[in-house]
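# Examining the three-dimensional arrangement
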Amino acid sequence: MGRFYNVAFTLIIASFLCSPRAGTCHGDKGLGKQKQAVGRGGHGRSLRMSNFMGDDGHMWEDGEMDAQPKGGKKKGNVFSVLDYGAKGNGHSDDTKAFESAWAEACQVEGSTIEVPSGYVFLLQPISFSGPDCASNLIFQLDGEIKAIVSSELWSSTRLLQWIEFTKLQGITITGTGIIEGQGSAWWYDSPEYNPGAELASELHSSTKPTAVRFYGSTGVTVSGITIQNSPQTHLKFDDCTNVEVSGFTASSPGNSPNTDGIHLQNSRNVNIYSTDLQCGDDCISIQTGCSNVNIHNVRCGPGHGISIGGLGKDGSKACVSNITVRDVEIQNTLTGVRIKTWQGGSGSVQGIMFSNIQVSGVETPIVIDQFYCDKEHCRNDSSAVSVSAINYVNIKGTYTVKPVHFACSDSMPCSGVSLSNIELTSRKETEQPYCLNAYGELETITVPPVTCLRKGKVKPPVYGCLA
């Protein structure tokens, strides 16, 4: 009977000393000795002192109390921005809360930053940066992130991007959330387009930022989210490898200036699919340094189509190779699939496949333009980026201005251009296919006939671009 009272007394003392809410058990060392004594006095039957019932009814196991995070900010490897002070009320600046959540999540491999649904978070320009972060981080976006529009803020920063992920190894943005760039403040500076004309006038002359940019990262995944009304490009990848974009939506009005859907630069091994791109510029823009890019099952329009270039601006060298665009729908755009280069540049575009492209109401579905100029006057120059081994297969649908436009350099003709199963029609009288210094083959009869394509082969010069 005495032994029973000793055990009961020990349990009462242990319960009093241990506090599950605080995440600690005070007096551990003393209790350890008592547990050993109780075990020895129980004739081989040890009584476990390691499980205690908390005030919330949860039974705490060995070591569990010590493992609980202080402040309750970490739930496993999930870091919610709400736990770091984010309000998500659409009025408060939540930038610091996002920075704090990232600072902790960045140190835990495979961790998740949680941006929950049902909230609207306002953010200033922010950078989620490595290279000292752990790998395989997830940015779970189910709520809405909205840009803070302030002429004082943007005029002083002169930043080229609003949200940036840089120098990371394995980074995923996924979810059903929205990134709202509030781009109309930059687009328009007249009251008839934008009620906040005074604010727009001040921002109109400032640098227009890209909404989301990835830089110097590998193993990048973007899925499910929507970026809308970006001041400029919606989603940009610069110097990235092993990139996958799926289930992504970019949405801006067709007359919003320079709002590319996806912009690729110096990036390799890129896969873009099951994506809907509506914007005021190129749905997808592929710039210098890109190779092994696969684009398929994408809807484009409104916008300017899917473009490689402009390349070679200001006499620069450009290298683009191994690009495939297939199984794509393009509607109500300026062009369909286009290659555009500036005069005076160098380098090459080669190994390009455009296949199974359905166009509807596109001004000019097929374009190569080695005289690209986005201003009123551009300087004439004999040098050009070489364009070769360009294949067009199964491109069908309707156009409104011209079916084919090949404008190639006198000194650097386009070579290896191949057309197969081209069927493009218009409901009204339009311009005929146009070719200048374009060499290649008609693999099948085309509609309309492309009789201007020259036969023969032209060996493109070598500019040191790796295939």
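Scroll up to find the structure.
Residues numbered from 1 in each chain as written. Predicted model: local features only at pLDDT ≥ 70, side-chain atom pairs only at ≥ 80, totals over all residues. Heavy atoms only, no water.

### Observations regarding the overall build of the chain
Here is the rule: Numbered from the N terminus, helices here are DSSP runs of H or I no shorter than four residues, and strands are runs of E no shorter than two. Classification of residues uses two cut-offs on accessible area relative to the type maximum, computed with a 1.4 Å probe and protein chains only: under 20% is buried, over 50% is exposed, and between them is partly exposed. Only heavy atoms enter the contact rule, under which two residues are in contact if any of them lie within 4.5 Å. The Shrake-Rupley method, run with a 1.4 Å probe, gives the accessible areas here. Residue values count only the displayed protein chains as cover.
Scanning the chain for helices and strands turns up seven helices and 35 strands. Taking all 467 residues of the chain together, the buried fraction comes to 48%. Of the contacts made within the chain by residues no fewer than 6 positions apart, 73% connect residues no fewer than 24 positions apart. Summed over all atoms, the accessible surface of the chain reaches about 21,500 Å², with 49% contributed by carbon and sulfur.

### Some remarks on the state of the cysteines
Definition in use: Only a pair of cysteine sulfur atoms within 2.5 Å qualifies as a disulfide here.
In this structure the tally under the stated criterion is six disulfides. Through a disulfide, cysteine 106 is tied to cysteine 133; the S-S separation comes to 1.9 Å. What sets the handedness of the cysteine 106 and cysteine 133 disulfide is the S-S torsion sign, and at about -110° it is left-handed. Note that cysteine 106 is positioned in the loop between helix H4 (95–105) and strand E8 (112–115) and cysteine 133 in the loop between strand E10 (126–129) and strand E11 (137–141), a separation of 27 residues in sequence. The exposure class of cysteine 133 is buried, given its relative accessible area of 14%. In this model, cysteine 408 is linked to cysteine 414 through a disulfide, with the two sulfur atoms separated by 1.9 Å. On the S-S bond that ties cysteine 408 to cysteine 414, the torsion sits near -100°, and the link is left-handed. The same class applies to cysteine 408 and to cysteine 414, which are both buried.

### Side note on the nonpolar core
Where a protein is soluble and globular, its nonpolar side chains tend to be buried together. Rules: In this text, buried Ala, Val, Leu, Ile, Met, Phe, Trp, Tyr and Cys residues form a nonpolar core when linked through side-chain atoms within 4.5 Å.
Membership of the largest hydrophobic core comes to 100 residues, with the highest contact counts inside it found for Phe214, Phe237, Tyr392 and Phe406. Beyond its immediate chain neighbours, meaning those up to four positions away, phenylalanine 214 contacts Phe165, Ile171, Ile173, Val220, Val222, Leu235, Lys236, Phe237, Asp238 and Cys240.

### Points about the environment of valine 393
With respect to the secondary-structure elements, valine 393 resides in strand E31 (residues 386–399). Sequence separation between valine 393 and leucine 419 is 26 residues; the distance between their C-alpha atoms is 6.2 Å. Contact partners of valine 393, with chain neighbours within four places excluded, come to Met353, Phe354, Ser355, Asn356 and Ser420.

### Describing the environment of proline 365
Locating proline 365 in the fold gives a position in strand E30 (residues 364–369). Classification of proline 365 as buried rests on a relative accessible area of 1%. Taking the C-alpha atoms as reference points, proline 365 and isoleucine 306, separated by 59 residues in sequence, lie 10.0 Å from one another. Leave out the neighbours within four places in its chain, and proline 365 touches Gly336, Val337, Val359, Tyr399, Lys402, Pro403 and Leu424.

### Description of H4
What counts is decided by this rule: Our arc is simply the arc of the directions from the helix axis toward the C-beta atoms.
Taken residue by residue, H4 has Thr95, Ala97, Phe98, Ala101, Trp102 and Ala105 as its buried positions. Down the axis of H4, the buried side of the element spans an arc of 165°, and every buried residue falls inside it.

### A word on the pairing of strand E26 (residues 306–311)
Heads up, the condition is: One bridge is not enough; two strands pair if DSSP finds at least two bridges between them.
Of all the six residues making up E26, five are buried; the element is thus mostly covered by neighbouring parts of the structure. Where strand E24 (residues 284–286) and E26 come together, three bridges link them in parallel fashion. Bridge assignment links isoleucine 286 to a residue of E26, and that residue is isoleucine 308. Where E26 lies against strand E28 (residues 335–341), five bridges are found, and the strand directions are parallel. Its bridge partner lying in E28, leucine 311 is registered against threonine 341.

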